[in-house]
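# Secondary and tertiary structure notes
Take a look at the letters that make up each chain.
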Amino acid sequence: MYLIIFDVDGTLLDSQNTIVHGFEAAFAAVGLPVPGRKTILSIVGRSLDMAFADLVGPEHQDKVPEMAAVYRAEKIARRKAGLDQDPLYPGAREAIDRLHAREDVLLGIATGKALRGVHHMMDVHDLHGRFITIQTADTSPSKPHPDMIERALSETGADPEQTVMIGDTGFDMAMARAGGVHAIGVTWGYHDHSQLTADGAERIIHRFDELDQALIELLKMEKETV
Ligand SMILES: [Mg+2]
């Protein structure tokens, strides 16, 4: 049995507009200058508190809880208004459906998002029932701590040698290796991907249709016509 775990933001879901909007609202609420888009996106993938703590610097740590609260409130408001409809990356749905159809594959999620955000993505893109294990910021410490990997392995009983984490950041790769599982880096996300290999990626893919070949090579997964 193979366990294939996906990161969400920057890997399955192109959520950059929603994320940048939320950070802009949070900085405005506490009267601090808003960092550039690139700086904001460089921090995506960590938990919200850690992301704000890194961005505001040591002198404004007291503002972090309020900023995180504003970010969450803004996201919920946008969701309710129907504005938060981030698209999946090209090929993501096909890859999920193709892998989900195999009897020897389990799918999982490990994300810095809250569970509520994961459910919203599943509502918008009709993905309920595809992922057997879902690890989020609600119950685990921020990546690269291996807790999410450990929980996914224990929930599924999967063999670490037949498990892979797929993500767009060095945090994903470092988490995978700390958790003793394989790591595939993707280059369509928000981070500088020149460091993915140094952070532990064993394969790098540039498009979703390269995923199957990477899985065959890395997990010794059998080719299957489904
Ligand atoms: Mg990501």
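Residues numbered from 1 in each chain as written. Predicted model: local features only at pLDDT ≥ 70, side-chain atom pairs only at ≥ 80, totals over all residues. Heavy atoms only, no water.

### Remarks on the coordination of the magnesium ion
- Within the protein, Asp7 (OD), Asp9 (O) and Asp168 (OD) serve as the donor atoms for the magnesium ion, at 2.1 to 2.2 Å.
- The sequence pattern formed by the donor residues of the magnesium ion is D-x1-D-x158-D. Taken as a pair, Asp9 in the loop between β1 (2–6) and α1 (16–29) and Asp168 in the loop between β4 (163–167) and α8 (170–178) lie far apart in primary sequence, 159 residues in all. (Donors = N, O, S within 2.8 Å, 3.2 Å for Na, K, Ca; no water. Helix = DSSP H or I, 4+ residues; strand = E, 2+ residues; numbered from the N terminus.)

### Side note on the pairing of β4
- Burial runs high along β4: 5 of the 5 residues are buried.
- Of the two faces of β4, the one carrying Thr163, Met165 and Gly167 and the one carrying Val164 and Ile166 are both buried.
- Judged from the 4 bridges that link them, β1 and β4 form a sheet pairing that is parallel. By the bridge assignment, Ile5 is partnered in β4 with Met165.
- As paired strands, β4 and strand β5 (residues 182–186) are joined by 4 bridges and run parallel to one another. (Buried < 20%, exposed > 50% of the residue type's maximum accessible area, 1.4 Å probe, protein only. Pairing = 2+ DSSP bridges.)

### Side note on the sheet that holds strand β6 (residues 203–205)
- Spatially, β3-β2-β1-β4-β5-β6 is the arrangement adopted by the 6 strands of the open sheet, whose pairing is parallel. Edge positions in the sheet fall to β3 (133–135) and β6, since each has one partner strand and no second. For this sheet the average axis-to-axis angle between neighbouring strands, irrespective of direction, equals 20°.
- Of the strands in this sheet, β1, β2 (105–110), β3 and β4 are in contact with helix α7 (residues 147–156), which crosses β3 at around 160°. (Axes fitted to C-alpha atoms, helices over the stretch in contact; angles between N-to-C directions. Contact = heavy atoms within 4.5 Å.)

### Considering empty space enclosed by the protein
- Counted according to the given criterion, the structure contains 1 cavity of 30 Å³ or more.
- For the largest cavity, the calculated volume is near 80 Å³.
- Taken together, 13 residues form the lining of the largest cavity, with Leu13, Asp84, Asp86, His120 and Met121 sitting closest to its centre.
- Listing elements by their share of the lining of the largest cavity, those giving two or more residues are α4 (64–80) and α6 (115–125).
- The dominant element in the lining of the largest cavity, judged by the number of residues it contributes, is α6, at 5 residues.
- In the lining of the largest cavity, the residues fall into 3 nonpolar, 5 polar and 5 charged. (1 Å grid on protein atoms, 1.4 Å probe; cavity = no way out; pocket = protein on both sides within 12 Å on 5 of 7 lines; lining within 4 Å. Points joined across faces, edges and corners; volume = space filled by probe spheres on them. Nonpolar A, V, L, I, M, F, W, Y, C, P; charged D, E, K, R; others polar.)

### Concerning the pairing of β1
- Here β1 lies mainly inside the structure; 5 of its 5 residues are buried.
- Taking every second residue as pointing to the same face, both faces of β1 are buried, with Tyr2, Ile4 and Phe6 on one and Leu3 and Ile5 on the other.
- Looking at chain direction, β1 and β2 are connected through 5 bridges and run parallel. The residue of β2 that forms the bridge with Phe6 is Ile109.

### A few points about the pattern of salt bridges
- Evaluation of the coordinates by the stated rule reveals 11 salt bridges.
- In this structure, the salt-bridge partner of Asp172 is Lys143, at a minimum N-O distance of 2.7 Å. Note that Asp172 is positioned in helix α8 and Lys143 in the loop between β3 and α7, a separation of 29 residues in sequence.
- Since its relative accessible area comes to 1%, Asp172 is described here as buried.
- Put simply, Asp7, Lys143 and Asp172 are held in one network by salt bridges that share partners. (Salt bridge = Lys/Arg side-chain N within 4 Å of Asp/Glu carboxyl O.)

### Considering the layout of surface pockets
- In this structure, the largest pocket spans a volume of roughly 520 Å³.
- Leu48, Tyr71, Gly112, Lys113 and Ala114 are the residues nearest the centre of the largest pocket, which is lined by 26 residues in total.
- Contributions of two or more residues to the lining of the largest pocket are made by α1, α3 (48–56), α4 and α6.
- Per-element accounting of the lining of the largest pocket gives the leading share, 5 residues, to α4.
- Partitioned by chemical class, the residues of the lining of the largest pocket number 10 nonpolar, 5 polar and 11 charged.
- When we break the lining of the largest pocket down by domain, the ones giving at least three residues each are domain 1 (2–14 + 87–219) and domain 2 (16–80). (Domains from an automatic or database assignment.)

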